[in-house]
Amino acid sequence: AAAGCTCLIDMPLNNDPSLMNKEIFDLKMGRISKHSYVDFALWGGLIPSSLKDMSEMHDLGCIGFKGFMSFATEAYPRISDGYLVEGMRLSERFGGLIALHAENAEVADFGCKHFSQIHCADEACFDQARPWWTEYEAIQRSVLFGKMTGARTMICHMTITQGAEYLRNAKKEGTAVYVETCPHY
């Protein structure tokens, strides 16, 4: 555990292969367990095609399932509302955790395409393309879905104070919702 690193957690996105089923779980577990000197954990992916494997991946040891409400990559597509609700229902049955990058996909995508088309080089264009309320709306939607399905939900990489206040109130009401953020936010 040199330099103080005592735990590594494998994220399913930008990771080849992304963890979507038992075969990939076994592959990653085999590789990591041979070489790891610290604790480690594996997140499962939450995409439409992985829902059928969630229960098995949970039983194998996945700590939760991460999805993107916004557009991610072709290989790791966003989890649209219908699939998200179904994933939450499944997760609730086995006591799993749903982790979400919360952002309104359509608004963010529209804004990003617009500023790309006009070749905006100013970094402020990013904030205009993806305004704070795209995250706020998606946080509210994910909390509602979690309440309706009984699923434990975590908001990943939250960037807005409005979201923190909303989640604080949801927790006070007894909603099983968690949040994490990063130092640069």
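Criteria and thresholds
- Residues numbered from 1 in each chain as written.
- Predicted model: local features only at pLDDT ≥ 70, side-chain atom pairs only at ≥ 80, totals over all residues.
- Heavy atoms only, no water.
- Helix = DSSP H or I, 4+ residues; strand = E, 2+ residues; numbered from the N terminus.
- Buried < 20%, exposed > 50% of the residue type's maximum accessible area, 1.4 Å probe, protein only.
- Contact = heavy atoms within 4.5 Å.
- Lys, Arg positive; Asp, Glu negative; His and termini not counted.
- Charge placed at Lys NZ, Arg CZ, Asp CG, Glu CD.
- Core = buried A, V, L, I, M, F, W, Y, C linked by side-chain atoms within 4.5 Å.
- Pairing = 2+ DSSP bridges.
- Axes fitted to C-alpha atoms, helices over the stretch in contact; angles between N-to-C directions.
- Polar contact = N/O pair within 3.5 Å; in protein donor to acceptor, adjacent residues only side chain to side chain.
- Parallel < 35°, antiparallel > 145°, perpendicular 65-115°, else oblique.
- Left-handed = near helix turned anticlockwise from the far one by under 90°.
- Nonpolar A, V, L, I, M, F, W, Y, C, P; charged D, E, K, R; others polar.
- Salt bridge = Lys/Arg side-chain N within 4 Å of Asp/Glu carboxyl O.

Novice: Lay out the overall build of the chain with the relevant residues and their values.
Specialist: Each helix and strand counted, the chain has seven helices and seven strands in total. Going from the N terminus to the C terminus, the chain shows its helices and strands as β-α-β-β-α-β-α-β-α-α-α-β-α-β. In terms of overall dimensions, the chain has a C-alpha envelope of 50 × 40 × 35 Å along the principal axes. Looking at the 185 residues of the chain, the share that counts as buried comes to 41%. Considering only intrachain contacts with a sequence separation of at least 6, the fraction spanning at least 24 residues in the chain is 68%. If you average the places of the 17 positive and of the 23 negative side-chain charges in the chain, the two averages end up 4 Å apart.

Novice: Tell me about the nonpolar core, residues and numbers included.
Specialist: Ranked by internal contacts, the top residues of the largest apolar core, which has 31 residues, are Leu46, Met54, Phe65, Leu84, Ile98, Leu100 and Ile139. When residues of this core are traced back to their parent elements, those giving at least two are α1 (22-35), α2 (54-60), α3 (81-94), β5 (97-101), α6 (132-149) and α7 (161-172). A per-element tally of this core places α3 first, with five residues. Setting aside anything within four residues of it in sequence, one finds leucine 100 in contact with Leu46, Gly67, Met69, Ile79, Leu84, Met88, Ser142, Thr153, Met154, Ile155 and Cys156. Residues Trp43, Leu97, Ala99 and Cys156 belong to the second largest nonpolar core, which totals five residues.

Novice: Explain the sheet that holds strand β3 (residues 44-45) to me, and be specific about the residues and the numbers.
Specialist: If you walk across this open sheet you meet the five strands as β3-β4-β5-β6-β7, and the pairing is parallel. The sheet terminates laterally at β3 and β7 (177-179), the two strands that pair on one side only. Contacts from α3 reach β4 (65-68), β5 and β6 (152-155) within the one sheet, and its direction differs from that of β5 by about 150 degrees. This element, α6, spans β5, β6 and β7 of the sheet and lies at about 170 degrees to β6.

Novice: Summarise the environment of serine 18; cite the residues concerned and give the values.
Specialist: Structurally, the position occupied by serine 18 is in the loop between β1 (7-10) and α1. Within the local environment of serine 18, its side chain forms a polar contact with the backbone oxygen of proline 12, the two atoms lying 2.6 Å apart.

Novice: Account for the packing of α3 against α6, naming residues and giving values.
Specialist: One way to put it is that α3 packs onto α6 with a least axis distance of 9 Å and a crossing angle of 40 degrees. Taken together, the axes of α3 and α6 are oblique relative to one another. Every pair of crossing elements has a handedness; the one defined by α3 and α6 is right-handed. Together, Asp81, Leu84, Val85, Met88, Arg89 and Glu92 of α3 and Arg141, Ser142, Phe145, Gly146 and Thr149 of α6 make up the contact between the two elements. Partitioning the contact of α3 with α6 into residue classes produces four nonpolar, three polar and four charged.

Novice: Account for the pattern of salt bridges, naming residues and giving values.
Specialist: Evaluation of the coordinates by the stated rule reveals eleven salt bridges. Notably, a salt bridge pairs glutamate 106 with arginine 78, separated by 3.6 Å at the nearest N-O pair. In this pair, glutamate 106 sits in helix α4 (residues 105-117) while arginine 78 sits in the loop between β4 and α3, placing the two residues 28 residues apart along the sequence. Of the charged contacts, one joins arginine 141 and glutamate 137 as a salt bridge, the two residues approaching to 2.8 Å between their closest N and O atoms.

Novice: Got a sec to walk through the packing of α6 against α7? Specific residues and values, please.
Specialist: Closest axis-to-axis distance for the α6/α7 pair is 9 Å, and the angle between their directions is 15 degrees. As far as their axial angle goes, α7 and α6 are roughly parallel. Regarding α6 and α7, the two cross each other, and that crossing is right-handed. Taken together, the residues of α7 that come into contact with α6 (itself represented by Trp132, Tyr136, Ile139, Gln140 and Val143) are Gln162, Gly163, Tyr166, Leu167 and Ala170. Partitioning the contact of α6 with α7 into residue classes produces seven nonpolar, three polar and no charged.

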